[in-house]
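# Descriptive analysis of the structure
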Amino acid sequence: MSRLGHTLLLAALLASPAAAQNLDSLLARMTLEEKLGQLNLLSADGRASPQQMQLVRAGKLGGLFNVIGAENTTPVQRIAVTESRLKIPLLFGLDVIHGFRTIFPIPLAEAGTFDPEVAEATARAAGVEAAVAGINWTYAPMVDIARDPRWGRIAEGSGEDPYLGSLMAAARVRGFQQTIFATAKHFAGYGAAEGGRDYNETEISARTMREIYLPPFKAAVDAGVASIMSAFNDIAGVPASGNAWLTDTVLRREWGFTGFVVSDWTSVMELLQHGVAGSQAEAGRRALTAGVDMDMQSGIYTDALAALVRSNRIPMAVVDTAVMRVLRAKLYLGLFRDPYRSRTAPAGPELRALARRAARESIVLLKNDRALLPLDPKTATIAVIGPLADNKEEPLGPWHTQGQAQDVVTVLQGIRSRASGVQVVYAQGAGVEDTSTAGFAAAVAAAKRANVAVLVLGERGDMSGEAASRSSLGLPGVQQQLLEAVAATGTPLVLVLMNGRPLILEWASDHVPAIVETWFLGVEAGNAIADVLFGDVNPSGRLPVTFPRVLGQVPLYYNHRNTGRPYEANNKFTSKYVDVPNTPRYPFGFGLSYTTFAYSDLKVSPARARVSDTVTATVTVANTGKREGTEVVQLYVRDEVASVSPRVRELKAFQRVTLKPGESRAVSLRVAVRDLWFIGLDMKPVVEPGTFRVYVGPNSSEGLEAGFECIP
Ligand code: BGC
């Protein structure tokens, strides 16, 4: 058994070893149909249908998902544990992605906190809320690395970096698994969809797979994740839901994963569309023998596999192994002892406070010319404008489970309650995707009357997430025109963005004095944004993903290789575009504060280190401004010469450091030399001796430089 979150670990210990023996005898008593039934997972529509209840009674379902509320899970669980022949309890799954009823920031936003503790806390809270509603298994965390902002599901993960992504993956697994089982998804490479078009094919080299896409999954496995979801995509022609290399060789044999693998929604059936199976039976055989234990929503394992097992085309041992993985999960979850797993609801105010804290920390200040922000709470008149300014739906983001629009505090509400003495004038201006400019006149008039205008623009929540790829990354509808019209009034302008992916912000970056990236922050969005706008909170979020200048640069990510002809300004024959710089508009790790920080005295020791050593980089960070603030001190490494072309920088450590005005502190960041591996020419991880450059600074494109020598 891999390590589990602490409460579940206790359950697992209580469950063994006698109970484990009971599983063997349980398996021995199962018919083939009952075995395949345990591998069958179906979606309900809020509650189980009469047909699904009948399947449960007949032992033909191992779990249900989208049955929500203990009043709906309890009766069907009762059928499983009292009316089915073997009385095996059900798993109840749900996509609890960034909150259950209390909606927290989308995972991409939360990754920008660079604060795994916050991610652990929100996952834990979401897990408890879901458990009260009868859920015992979530399809989260989504740990797909995403380098293409066209891909809408970038919103659900932690962005482009495998190190940050790994820390967030492990934290969320720990958080959820205090009460419910987690699922790391989508295994693997789903984020590399060509053209950013969801479900599209991927072409990922084995090296890039291991260096970039797999590490967050490995981190989830090491944190004890109970299940892994196989992805929809193919990798160079081999679909992930029928890919023995992924779900057997790497996951189980190399990493020692002992939990179970669930397919994605009909991804077993889709092996037919991929063209790697000519019949349902063949699709099922391919998936099951590749190590996909549970079939979500295809019904193929129960409908089509019995005959293949009886004719020995699928060995019974393969079925038994999969069944035991599912049964063991139910045992570890404590379902045989307590199938209903009643839980006490967490206190509402604590959840709201956590939601506000996570939201505040997620906000990234992208631009703040002439210290326009923070706003003075005694400003006479503030105009609050835009389709998202008083919108209660969109801050919930793409996966809001049981989240309710009525729970959301809008920006307008947040500003009104923070600045009670201020006159606030509101105009919507336009809807998110409107083509009409009819509302512009009122918006312009509001801006003209005000001392400052706060313009809240961006995407609808469902413009990112699943099946929400975009081919252009500007502001949708007429919002760009609205922005330009309001800017033309000359009233000082703060642009507040809500979106689930990096947007192209060229005009705004050149013309708007203050820009605040808020992603989708959940129920406390408006309060958290007001906290930042008025300076009650000094922003400390950083970008977990690169913001390109133009779409044509995509994919653009900081940890690229150098090429043989790296960019040189005066040399045409170097790697560049003729019409746009190579650099991003805002780099990975970037974010401003209301104060300023200065870095000095970077030292790395020891100067010579073995692979088994840890090197420590020490740097002095000073708060050189007038407010207390939190800096995310980031450490990047570059291997100077290696047998495989190294990446120009890779994040290897970071620390959030809070400093009072004038305060300075020596900050130490530690890196184990063994973590500086790459996939060598023999396709195995290796750390090669030689010089490593170390950069420590505020983001992926700045920082002081030092180095050390790795000796054999
Ligand atoms: C998504 C998964 C999700 C599943 C169950 C699929 O369409 O790709 O992320 O967990 O549905 O709702």
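The rules behind each value
- As a convention, each chain's residues are numbered from 1 in the sequence order in which they are written.
- This being a predicted model, a pLDDT of at least 70 is required before a residue's local features are given, and a value of 80 or more before pairs of side-chain atoms are given or counted; all residues contribute to the totals for chains, interfaces and linings.
- Side-chain measures here rest on the full set of heavy atoms in the structure, leaving out hydrogens and waters.
- Strand pairing is defined by DSSP finding a minimum of two bridges between the two strands.
- A run of H or I in DSSP becomes a helix once it reaches four residues, and a run of E becomes a strand once it reaches two; helices and strands are each numbered from the N terminus.
- Here, axes are lines fitted to C-alpha atoms. For helices the fit covers the stretch in contact, and angles between N-to-C directions go from 0 to 180 degrees.
- Each pair of aromatic rings taken from Phe, Tyr and Trp, with Trp reduced to its six-membered ring, is defined by centres within 6.5 Å and is described as stacked if the planes are under 30 degrees apart, edge-to-face if over 60, and tilted in the remaining cases.
- Note on exposure labels: buried denotes an accessible area under 20% of the residue type's maximum, exposed denotes more than 50%, and partly exposed covers the range between, all computed with a 1.4 Å probe on protein chains only.
- Each residue carries a pLDDT score, the predictor's own confidence in it, on a scale running from 0 to 100.
- The contact rule is simple, with two residues in contact once any of their heavy atoms fall within 4.5 Å.
- In this scheme, a helix's expected span is set at 1.5 Å multiplied by one less than its residue total.
- Roughly parallel means an angle under 35 degrees; roughly antiparallel means over 145; roughly perpendicular covers 65 to 115; every other angle is labelled oblique.
- For this scheme, ten residues count as nonpolar: Ala, Val, Leu, Ile, Met, Phe, Trp, Tyr, Cys and Pro. Four count as charged, namely Asp, Glu, Lys and Arg, and the remainder, Gly too, count as polar.

### Observations regarding the sheet that holds strand S18 (residues 608-609)
The strands making up a sheet associate through backbone hydrogen bonding, with each pair oriented either parallel or antiparallel. Taken in spatial order, the five strands line up as S18-S26-S25-S20-S21 in an open sheet, and their pairing is mixed. The open sheet has two edge strands with one neighbour each: S18 and strand S21 (650-659). In the sheet, strand S20 (residues 629-639) pairs with S21 via nine bridges, with the strands oriented antiparallel. Bridged to Gly629 within S21 is Leu659.

### Notes on the sheet that holds strand S22 (residues 664-672)
Sheet architecture is open: three strands sit in the order S17-S19-S22, paired in antiparallel fashion. Each edge of the sheet is formed by a strand with only one pairing partner; in this case those strands are strand S17 (597-605) and S22. Each adjacent strand pair in this sheet contributes to an overall mean axis angle of 20°, direction not counted. With nine bridges connecting them, strand S19 (residues 614-623) and S22 associate as antiparallel partners. Bridge assignment links Val621 to a residue of S22, and that residue is Arg665.

### Overview of the packing of aromatic side chains
On inspection of all chains with the given rule, the structure shows 18 aromatic pairs. Ring centres of Tyr190 and Phe232 lie 6.0 Å apart, and the angle between their planes is 70°; on these two criteria the pair is classed as edge-to-face. One end of the pair, Tyr190, is in the loop between strand S5 (183-187) and helix H9 (206-213); the other, Phe232, is in the loop between strand S6 (227-230) and strand S7 (234-235), and 42 residues separate them in sequence. The class of Tyr190 is buried, set by a relative accessible area of 1%. Where Phe692 meets Phe708, the ring centres are 5.4 Å apart and the plane angle is 10°; that geometry is what we call stacked. Remark: Phe708 occurs in strand S26 (residues 704-710) and Phe692 occurs in strand S25 (residues 690-697); sequence separation between them is 16 residues. Residue classification places Phe692 among the buried positions, given a relative accessible area of 1%. With relative accessibility at 3%, the residue Phe708 sits in the buried group.

### Concerning the confidence of the model for the chain
Averaged over every residue, the pLDDT of the chain is 96; the share at 70 or more is 97%. Confidence over residues 1-6 falls short of pLDDT 50; this stretch has 20 contacts with residues more than four positions distant or in other chains.

### A look at helix H7 (residues 116-132)
The first and last C-alpha atoms of H7 sit 24 Å apart over 17 residues, in line with the 24 Å expected at 1.5 Å per residue. The complete set of buried residues in H7 reads Val118, Ala119, Thr122, Ala123, Ala125, Ala126, Gly127, Val128, Glu129, Ala130 and Ala131. The inward-facing, buried residues of H7 abut helix H6 (107-111), helix H8 (162-176) and helix H17 (348-362). One or two positions beyond H7, positive phi appears at Gly134, with a value near 90°.

### Here's the deal with the packing of H9 against helix H10 (residues 215-222)
For the pair H9 and H10, the least separation of the axes is 5 Å and the interaxial angle reads 50°. With respect to H10, the element H9 is oriented oblique. Together, Met209, Arg210, Glu211, Ile212 and Tyr213 of H9 and Pro215, Pro216 and Phe217 of H10 make up the contact between the two elements. Here the residues of the contact of H9 with H10 sort into six nonpolar, no polar and two charged.

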